[in-house]
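Fold and contact review
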Amino acid sequence: MSACGGATIRIYILKRILVLVPLLISVTFVSFCLLKTLPGDPVYSMVGERATPEAIESIRKEIGSDRDFMSQYAGYLGLLAGGNFGRSYYSNRDVLDDIAAKLPNTMKLALAAMAIAIPCGLAAGMIMAYRRGSFIERIAGMFTIGGVSLPVFWVGLMAMLVFSLELRLLPPSGTGGFKFIALPALTLAVPAISTLARVAAASIEESMGLQFIRTARAKGLSPLKIAIFHVTKNALIPVVTIIGLEFGSYLSGAVVTETIFGWDGIGRFAMQGIIMRDYPVIMGCIITCTAVFVVVNMLTDIIYHYIDPRIRIHDGKG
Amino acid sequence: MPRLTFALFRLAGLALLFSITSCSPENRTNDYLYCRLNSNPSTLDPALITDVQASVVAAKLFNGLVGLDAGLNVVPDIAERWEISPDGLTYRFRLKRGFLFANGREVTAHDFKYSFERLLATATKSPNNWIFENVEGARAFREGRADEVGGLKALGPYDFEIRIARPFSPFLKMLTMTPAYVVPREAVIAGGPDFASHPMGTGPYILEEWAPNREVVLKRNERYSNPAAHLKGIVFRILPEDLTAFTEFELGNLDIFQIPASAYSKLRNDLRRKQYIEVLPGLNTYYLGLNTSRPPLDNPALRRAIAFAIDRKKILEKFYEGRGRLADGPVPDALRSWHLDKDRGPVEFNPVLARQIVADNGFSGVRLKLYVAADQEAVDIAEIIQGYLADAGLTITIRQLEWSSYKQAINNGEPDMFWLNWWADYPDAENFLFPLFHSANIGPAGNRTRYANKEVDRLIELGQHATDPALRNRAYCEAEEKIIADVPWVFFWHKTDYVVRQPWVEGLKVYEIYNMDKGLDVSLRRRNY
């Protein structure tokens, strides 16, 4: 990478980070509007089954839900400016602390899922592209259709029944090391493998018809070399896009997978907040997930820059 | 450039490998009991607790003046004895000496005064302050007209007195509730809002770790000897999914498991497990609430027709797999100290009569909205009810809402009908009459059918304030019979729960009220994990 290229990347990153601030403010505004227009009052969940009107009013005052919308929103922005997400209505815990504890778990799960999905997806995609019409291509095709069609909860429960209950190989739930992460990561990886395989297959087939591949064949390069160093590399762009999108969505919380396997991640935390109408938790999760998604997209753009010379990040000077 | 890409991938791979291998696997800890909570406790500050999950945990961390024994009688806890004045207005408690908080400080009467005043203080924003609303001076304190509650007095380090404004028969039983536990002032002040997640009490266990949505770990309080716990600790694993929890139990990773509906048949018919199942006849009532405040259900004839139209017995036996006892009225059988007049008892299934009432009163084709919370079992029951009422000539629209919206809707009286249940907070019939049927409690205080009957109000109040048990029972009996006759609810059943234990769990007792189990009965036979 040239010095000039490094500087361009740095400017690009800086720009994306600067764009992140107004983006996050817009996201907080839209989310705040949506939360306030949804039916369901958190106070009724907080007070339990038997509460006096007096107690309800005092809690409403305490959490500020008796104030008008703009004053509540301004209060929330003030809180964010102070560097925190506030406290949960129910547990009174600092939301930022809880998110900081759960986000690494979600990242770990997302990384593990991608570590399974990328090699398996690419391998399946290559098989489908290079062995078109063969028996193995048909098997891989069936698997990919199944993988994108089956609901995640069903895959998760089946994986649990087989690997935990029947074979007793892996624990059904918990948050921790390899043996705990295997089943949720596998469950998350199944649809990603299928999507990656289908995209990679289509992309490889498209690349195989291009002029430079015919040139490479004419030069007498071995089919393996052509496949790995010319076709696959050229077909990576859409694959990287899919990886970026899948990874971003995993980091935004794989709610169902985390719930089934008792994985202590941000998706489950957000879900609990939504069910309980715990606004500080919901807002904290939305802001974190938005920021994570933007950063992942930025990283994807940077990877494009390196793997395809046709795509260059410009410094805006033309 | 390919070299850089490869290096990035290698780095990511190494990071992943490190993140996986650097986490030690979670293993069982010997002599710790593993149980399930199906949702995260909301808070562990007793003053703020309103959910069962939090109460189950808090019972192990805190104590109150009095507790309950297996027969639901009030027994000493931190108070070794008490006296109630003949006029029923003064409760004087003598505290045990040497009862310690987890920080080693002795509990005194001043701590109870502090804890109860804290519960009442508006700054605490406790939804449970109604427990002490009858205490003398409570209102003046809440309204800021007094610095302290005149009716709460520490007469000495071990003597505590509560004066109430009017005789109130369930008061002593209300003191067994979770919000009436004692808390140490210094820990509350030092913890500030974090006291809710790092609580300190007097109980047989101390909070070791609370990882929200993951687990709550308690360890034995070595200072507790009232009596001391057999276990070294308890791990509550938070597992919302029934199938996940069932799998964990089957693998021996949970020691105790409250059987969910989905696993009931399998476990009840499992010969290996059958002998380890404990039956818990719960203090609860499941009901179909009928909005009595507006047409058409303000007409008692239509309410009776609905009650006649539904075969509760069949639903209980076939759909609910017999997991309960048919309800005669709102009060669970275990709390009813009187006999209901059978002629004025609940209406039996009579579809012909139901159709006739509907037709005679011009209700045919009437449309009614039935609200249910987002819970598959509730939706299934709603559909069964819909079928029965269609046979009677009524058109029912089911509306399913998530819990928070559902609560708001039923508190505001939006639906014509709703499916709900009520569980005892303290073992007194009053807990099933006053909040649910007194007109002062319409809305979020409990009376969601918006039922108002002045005579029932009078009888419930008579029972509450009667010092003579016979008079109290008569008043409650009459109130319950009038409620049954007015049909603000279709009384379905009192649910029975089933708890299965592993063979190595000994001494397990199941209790009717969620905060009765202090984790003192159970022990684990030695086992290699």
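Residues numbered from 1 in each chain as written. Chains lettered and ligands numbered in written order. Predicted model: local features only at pLDDT ≥ 70, side-chain atom pairs only at ≥ 80, totals over all residues.

Helices and strands together make up the secondary structure of chain A, namely 14 helices and zero strands. Seen in sequence order, chain A has helices and strands lined up from the N terminus as α-α-α-α-α-α-α-α-α-α-α-α-α-α. Counting only residues that meet the buried cut, chain A has 40% of its 318 residues in that class. In chain A, once contacts between residues fewer than 6 apart in sequence are set aside, the share between residues at least 24 apart is 72%. (Helix = DSSP H or I, 4+ residues; strand = E, 2+ residues; numbered from the N terminus. Buried ≥ 20, exposed ≤ 12 C-beta atoms within 10 Å, placed from the backbone. Contact = placed C-beta atoms within 7 Å.)

Turning to the confidence of the model for chain B, a few remarks are in order. All names here are of chain B. For chain B, mean pLDDT is 91; residues scoring 70 or higher make up 93% of the total. This model gives residues 1-9 a pLDDT under 50, and the stretch forms four contacts once residues within four places in sequence are excluded. Predicted confidence for residues 11-26 stays below pLDDT 50, and this span has 21 contacts to residues more than four positions away or in other chains. Across the interface, the model reports ipTM at 0.81; the global pTM reads 0.86. (pLDDT = per-residue confidence, 0-100.)

Here the focus is the sheet that holds strand β4 (residues 79-84) of chain B. Sheet strands associate in pairs through backbone hydrogen bonding, adopting either a parallel or an antiparallel arrangement. All names here are of chain B. Strand order in the open sheet formed by four strands is β4-β5-β7-β6, with antiparallel pairing between adjacent strands. The open sheet terminates on both sides in strands that have one partner only, identified here as β4 and β6 (152-156). Adjacent strand axes in the sheet meet at a mean angle of 20 degrees when their direction is disregarded. Direction of pairing for strand β5 (residues 90-95) relative to strand β7 (residues 159-163): antiparallel, over a ladder of five bridges. Bridge pairing in β7 links T90 to R163. On the sheet, helix α3 (residues 109-120) packs against β5, β6 and β7 and is oriented at approximately 170 degrees with respect to β6. (Pairing = 2+ DSSP bridges. Axes fitted to C-alpha atoms, helices over the stretch in contact; angles between N-to-C directions.)

Counting residues at the interface gives 56 residues for chain A and 48 residues for chain B. Elements with a contribution of two residues or more to the side of chain A that touches chain B: α2 (42-46), α3 (53-63), α5 (95-130), α7 (152-166), α8 (178-208), α12 (255-260), α13 (266-276) and α14 (279-307) of chain A.

This part takes up the packing of α7(A) against helix α7 (residues 242-250) of chain B. Running from N to C, α7(A) and α7(B) point in directions that differ by 0 degrees, and their axes come no closer than 11 Å. Taken together, α7(A) and α7(B) sit at an angle that is classed as roughly parallel. Counted together, L157(A), M160(A), S164(A) and L165(A) of α7(A) and L243(B), T244(B), T247(B) and E250(B) of α7(B) form the full contact between these two elements. Of the residues that constitute the contact of α7(A) with α7(B), the class distribution is four nonpolar, three polar and one charged. (Parallel < 35°, antiparallel > 145°, perpendicular 65-115°, else oblique. Nonpolar A, V, L, I, M, F, W, Y, C, P; charged D, E, K, R; others polar.)

Time to look at the nonpolar core. Ranked by size, the top nonpolar core spans 81 residues in total, and within it V57(B), A58(B), L95(B), I234(B) and F236(B) carry the most contacts. Top element by residues in this core is helix α2 (residues 52-61) of chain B. It accounts for six residues. Not counting residues within four places of it along the chain, the set of residues in contact with V57(B) comprises P41(B), L44(B), V216(B) and F236(B). M160(A), L188(A), L236(A) and V239(A) belong to the second largest nonpolar core, which has 75 residues in total. (Core = buried A, V, L, I, M, F, W, Y, C linked by C-beta atoms within 7 Å.)

Turning our attention to the environment of A110(A). All names here are of chain A. Note that A110 resides in helix α5. Assessed through the 24 C-beta atoms surrounding it within 10 Å, A110 is described here as buried. Look past the residues within four positions of A110 in its chain and what remains in contact with it is F247, Y250 and L251.

Another point: the sheet that holds strand β9 (residues 215-220) of chain B. All names here are of chain B. Pairing within the open sheet is mixed, and its four strands lie in the order β1-β10-β9-β8. Edge positions in the open sheet fall to β1 (32-37) and β8 (205-211), since each of these has one partner strand only. Mean inter-strand twist for the sheet, computed between neighbouring axes without regard to direction, equals 20 degrees. Pairing analysis gives six bridges linking β1 to strand β10 (residues 233-238), with the strands arranged parallel. Counted as the bridge partner of R36 is R237 from β10. The strands touched by α2 within the sheet are β1, β8, β9 and β10, with β8 carrying the most contacts at an inclination of about 140 degrees.

All names here are of chain B. Alternating residues of β5 divide into Y91, F93 and L95, all buried, and T90, R92 and R94, none buried. Pairing between β4 and β5: five bridges, direction antiparallel. Residue W82 lies in a different strand from β5, and its bridge partner there is F93. If you look at the hairpin formed by β4 and β5, you'll find five residues sitting between the two strands, and G88 has a positive phi there, around 75 degrees.

A cis geometry characterises the amide bond from N226(B) onward to P227(B), with omega recorded as -5 degrees. Mapping P227(B) onto the fold places it in the loop between β9 and β10. Along the chain, P295(B) connects to P296(B) via a cis peptide bond; the corresponding omega equals 0 degrees. Looking at where P296(B) falls in the secondary structure, it is placed in the loop between β13 (284-290) and α10 (300-309). For N92(A), which is not glycine, the phi torsion reads 65 degrees and is therefore positive. Its location among the elements puts N92(A) in the loop between α4 (69-81) and α5. N92(A) gets classed as partly exposed once you count the C-beta atoms within 10 Å, which come to 19. A positive phi angle, close to 65 degrees, is found at N213(B), a residue other than glycine.

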